[in-house]
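For reference, the chains in residue letters:
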Amino acid sequence: MARRYFGTDGVRGRVGEPPITPEFALRLGFAAGETLVAHARDAGHHRDGERPAVLIGKDTRISGYMLEAALEAGFSAAGVDVMLCGPLPTPAIAYLTRALRLAAGVVISASHNPYDDNGIKFFAAGGWKLPDALEEEIEARLEAPMGCKPSAQLGRARRVDDAAGRYIEFCKSTFPNELDLKGLKLVVDCAHGAAYHVAPKVFHELGAEVVAVAAQPDGLNINAGVGATAPKFLQQEVLAHQADLGLALDGDADRLLVVDAAGRLYDGDELLYVIARNRPGLVGVVGTLMSNLGFEQALSRLGIGFARAKVGDRYVLELMQERGWTLGGENSGHIICLDRHTTGDGIVAALQVLAALRERGETLREACADLTMFPQKLVNVRLARAFDWQNDAGIQAARARAEKLLDGQGRVLLRPSGTEPVLRVMVEGADAALVEAQAEAIAAAVRQAANV
């Protein structure tokens, strides 16, 4: 079944344009309520006669209020109780869905996108991301007319006042009891997003001196020149505050990048390496098509297996579960530690990196000393989703030229984004100048073919 609404990370788009409208959110709440509740009942997560409940969380976008109200109405019409927790990181909703034994969790967020985008994604009972088949079932129900339960069966809504505190304690529980962060000065960039009131507290309560930046959301400034998608801001702040490390989250705090005291930026591949080498007996790590060749080779030298999934943390998770592995992620900073959480979590990932450094008595630079990353260039080219780039002769010729010049010592990857109307062009190889030139050459061919 071709999916109309769900991408790699739920439903996402520009606010006010289909499908990110209040009318669609209302129908989505009703369709999801009926679908998820039926599955939760089949799995024994609630008994007949009990009204099922879902948790709705959001990031700090101003449109979150509108979408939250519409979703709440849809779920209520489906006979589902709604618990509201306000702004909280995406992984917090996954944790609370599991901890509170709920039928589902819902996150209103467009992650790292600008404020005028938004999205809706779901966690099934147990805190796991929805499988493709379940999203397809929700889409199928969207095609049917929306109904409404009788008044006596309508869902109720209430606030969860202690949600942030519960999540803070959970994050701290993933850090070794015998360790602390005393003596460490951290700059925490919250991207004016969902973690603004929880991330600084986690690291402070573990003993660190915390400088919280980009922690004043106003509904419009999420990800605006800050956070994991704009790390230069954090690099400047780390140097200005003479901090030991800087931690950059994105708008919904499921992504992490780290900056060391010298202002050097470390991406998801490097952070995964630091965690992996500190996990005795680790069998394998799941990366993606975008993961660096140098990272793969460094894991091999440690005797750790490596497998590539499609880009998107949902696909990383699926391959991790298939292989029975506990560690995986993306170079963009999505890191999944299944021995700690059911989903990617920027705060939990940061704690695993910090634990590795504390246990070994190393700096981040020292921990990555045996990791040599290949130069990699990524260019995003905006184009219509319907454009058939795969069968364009000019684009394929540019790709073939690049692959010939790399001569087996690198990779070329073209893939459409699952969250934005762009084609991502990635070239990787040992020669930085060649990589740069060929990435730009392919991107130029795409622009010419698409007339952009």
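Source: prediction; values computed, not measured.

Caption draft 1: Geometry of the nonpolar core. Formed by 70 residues in total, the largest nonpolar core has its most connected members in Leu181, Leu186, Phe203 and Ile347. Ranked by the residues each element gives to this core, the list is headed by helix 11 (residues 346-360), at 10 residues. Beyond its immediate sequence surroundings of up to four residues, Leu181 is in contact with Phe175, Leu186, Phe203, Leu206, Gly207, Ala208, Leu354 and Arg358. The next biggest cluster of nonpolar side chains, apart from the first, holds 33 residues, and it includes Phe6, Ile20, Val54 and Leu134.

Caption draft 2: Expanded view of helix 2 (residues 64-77). The first and last C-alpha atoms of helix 2 sit 20 Å apart over 14 residues, in line with the 20 Å expected at 1.5 Å per residue. Three or more residues of helix 2 are buried, namely Gly64, Leu67, Glu68, Ala70, Leu71, Gly74, Phe75, Ser76 and Ala77. Positive backbone phi, approximately 85 degrees, marks Gly79, located one or two places after helix 2.

Caption draft 3: Representation of the sheet that holds strand 7 (residues 157-159). One open sheet accounts for seven strands, arranged 1-2-6-5-3-4-7; its pairing is mixed. Looking at which strands have only one partner, the edges of the open sheet turn out to be strand 1 (6-7) and strand 7. Pairing of strand 3 (residues 53-58) with strand 5 (residues 104-108) involves five bridges; the strand directions are parallel. In the sheet register, Leu55 faces strand 5, and the bridge partner there is Gly105. Seen against the sheet, helix 3 (residues 90-99) touches strand 3, strand 4 (81-87), strand 5 and strand 6 (117-124) and runs at an angle of roughly 165 degrees to strand 5.

Caption draft 4: Summary view of helix 5 (residues 163-173). Listing the buried residues of helix 5 in full gives Ala163, Tyr167, Ile168, Phe170, Cys171 and Lys172. Residues of helix 5 that are buried make contact with strand 4, helix 3, helix 6 (199-205) and helix 11.

Caption draft 5: Just the environment of Cys337, in detail. Along the chain, the position of Cys337 falls in strand 16 (residues 335-337). When the C-alpha atoms of Cys337 and Lys149 are compared, they prove to be 40 Å apart, with 188 residues separating the residues in sequence. Those residues in contact with Cys337 that sit more than four places away from it in its chain are Ile275, Arg279, Thr326, Leu327 and Gln352.

Caption draft 6: A look at the environment of Gly219. Tracing the backbone shows Gly219 in the loop between strand 9 (209-213) and helix 7 (232-241). Gly219 sits in the buried class, given a relative accessible area of 8%. Separated by 150 residues in the primary sequence, Gly219 and Ala369 place their C-alpha atoms 41 Å from one another. Those residues in contact with Gly219, other than ones at most four positions away along the chain, are Thr60, Arg61, Ile62 and Tyr115.

Caption draft 7: Looking closely at the side chain of Arg12. Secondary-structure assignment places Arg12 in strand 2 (residues 10-14). A distance of 3.1 Å separates polar atoms of two side chains, one belonging to Arg12 and the other to Asp9. Polar side-chain contacts of Arg12 include one of 3.5 Å to the backbone oxygen of Ala110.

Caption draft 8: Molecular detail of the packing of aromatic side chains. All told, the structure shown has five aromatic pairs when counted by the stated rule. Ring geometry for Phe6 against Phe122: centres 6.3 Å apart, planes inclined by 45 degrees, an arrangement best described as tilted. Taken together, the positions of Phe6 in strand 1 and Phe122 in strand 6 put the pair 116 residues apart, joining distant regions of the chain. Consider the rings of Phe295 and Phe306, whose centres lie 5.6 Å apart with planes at 85 degrees: the pair is edge-to-face. You can see Phe295 sitting in helix 9 (residues 293-301) and its partner Phe306 sitting in strand 14 (residues 305-309), a full 11 residues away along the chain. Taken as a pair, Phe295 and Phe306 share a single burial class, namely buried. If you follow Lys58 out to its NZ or CZ, it ends over the ring of Tyr65, 3.9 Å from the centre. The ring of Trp325 has Arg323 sitting right over it, with the charged end atom 5.1 Å from the ring centre.

Caption draft 9: Spotlight on the pairing of strand 10 (residues 245-249). Of all five residues that make up strand 10, five are buried, and the element is covered over most of its length. Every second residue of strand 10 is oriented toward a common face, with Leu245, Leu247 and Leu249 on one face and Gly246 and Ala248 on the other, all of them buried. Pairing of strand 8 (residues 185-189) with strand 10, which is carried by four bridges, proceeds in the parallel orientation. Its bridge partner lying in strand 10, Val188 is registered against Leu247. As judged from the five bridges shared by strand 10 and strand 11 (residues 256-260), these two strands associate in the antiparallel manner. Bridge pairing links Gly246 to Val259 in strand 11.

Caption draft 10: Representation of the sheet that holds strand 8. Here five strands make up an open sheet; going across it, the order is 9-8-10-11-12 and the pairing mixed. Each of the sheet's edge strands pairs with one partner strand only, and the pair in question is strand 9 and strand 12 (265-266). Contacting strand 8, strand 10 and strand 11, helix 11 runs over the sheet at an angle of about 160 degrees to strand 10.

Caption draft 11: Expanded view of the packing of helix 8 (residues 268-276) against helix 11. Between helix 8 and helix 11, the least distance of the axes is 9 Å, while the angle of their chain directions is 50 degrees. Here helix 8 is positioned oblique relative to helix 11, judged by the angle of their axes. Crossing geometry of helix 8 relative to helix 11 is assigned as left-handed. The residues of helix 11 that touch helix 8, namely those facing Leu271, Val274 and Ile275, are Ala349, Gln352, Val353, Ala356 and Leu357. Among the residues forming the contact of helix 8 with helix 11, the class breakdown is seven nonpolar, one polar and no charged.

Caption draft 12: Region of interest: a nonpolar patch on the surface. Nonpolar side chains collect at one region of the surface, where Ile62, Tyr65, Tyr115 and Leu220 lie side by side and expose about 420 Å² of accessible area between them. As for its position among the elements, Tyr65 is in helix 2.

Caption draft 13: Highlighting the pattern of salt bridges. Enumeration over the complete set of coordinates arrives at 28 salt bridges. Lys129 is the partner of Asp9 in a salt bridge, and the nearest nitrogen-oxygen pair spans 2.9 Å. One end of the pair, Asp9, is in the loop between strand 1 and strand 2; the other, Lys129, is in the loop between strand 6 and helix 4 (132-142), with 120 residues separating them in the sequence. Assessed through its relative accessible area of 12%, Lys129 is described here as buried. Between Arg264 and Glu270 there is a salt bridge, with its nearest N and O atoms 2.8 Å apart. Looking at Arg264, the relative accessible area reads 29%, which means it is partly exposed.

How each quantity is defined
- Residues numbered from 1 in each chain as written.
- Predicted model: local features only at pLDDT ≥ 70, side-chain atom pairs only at ≥ 80, totals over all residues.
- Heavy atoms only, no water.
- Core = buried A, V, L, I, M, F, W, Y, C linked by side-chain atoms within 4.5 Å.
- Buried < 20%, exposed > 50% of the residue type's maximum accessible area, 1.4 Å probe, protein only.
- Helix = DSSP H or I, 4+ residues; strand = E, 2+ residues; numbered from the N terminus.
- Contact = heavy atoms within 4.5 Å.
- Expected span 1.5 Å × (residues − 1).
- Pairing = 2+ DSSP bridges.
- Axes fitted to C-alpha atoms, helices over the stretch in contact; angles between N-to-C directions.
- Polar contact = N/O pair within 3.5 Å; in protein donor to acceptor, adjacent residues only side chain to side chain.
- Phe/Tyr/Trp six-rings, centres within 6.5 Å; stacked < 30°, edge-to-face > 60°.
- Lys NZ or Arg CZ within 6 Å of the ring centre and 35° of its normal.
- Parallel < 35°, antiparallel > 145°, perpendicular 65-115°, else oblique.
- Left-handed = near helix turned anticlockwise from the far one by under 90°.
- Nonpolar A, V, L, I, M, F, W, Y, C, P; charged D, E, K, R; others polar.
- Patch = residues over 30% accessible without salt bridge, like charges linked within 9 Å, V, L, I, M, F, W, Y side chains within 5 Å.
- Areas by Shrake-Rupley, 256 points an atom, 1.4 Å probe, with all protein chains shown as cover.
- Salt bridge = Lys/Arg side-chain N within 4 Å of Asp/Glu carboxyl O.

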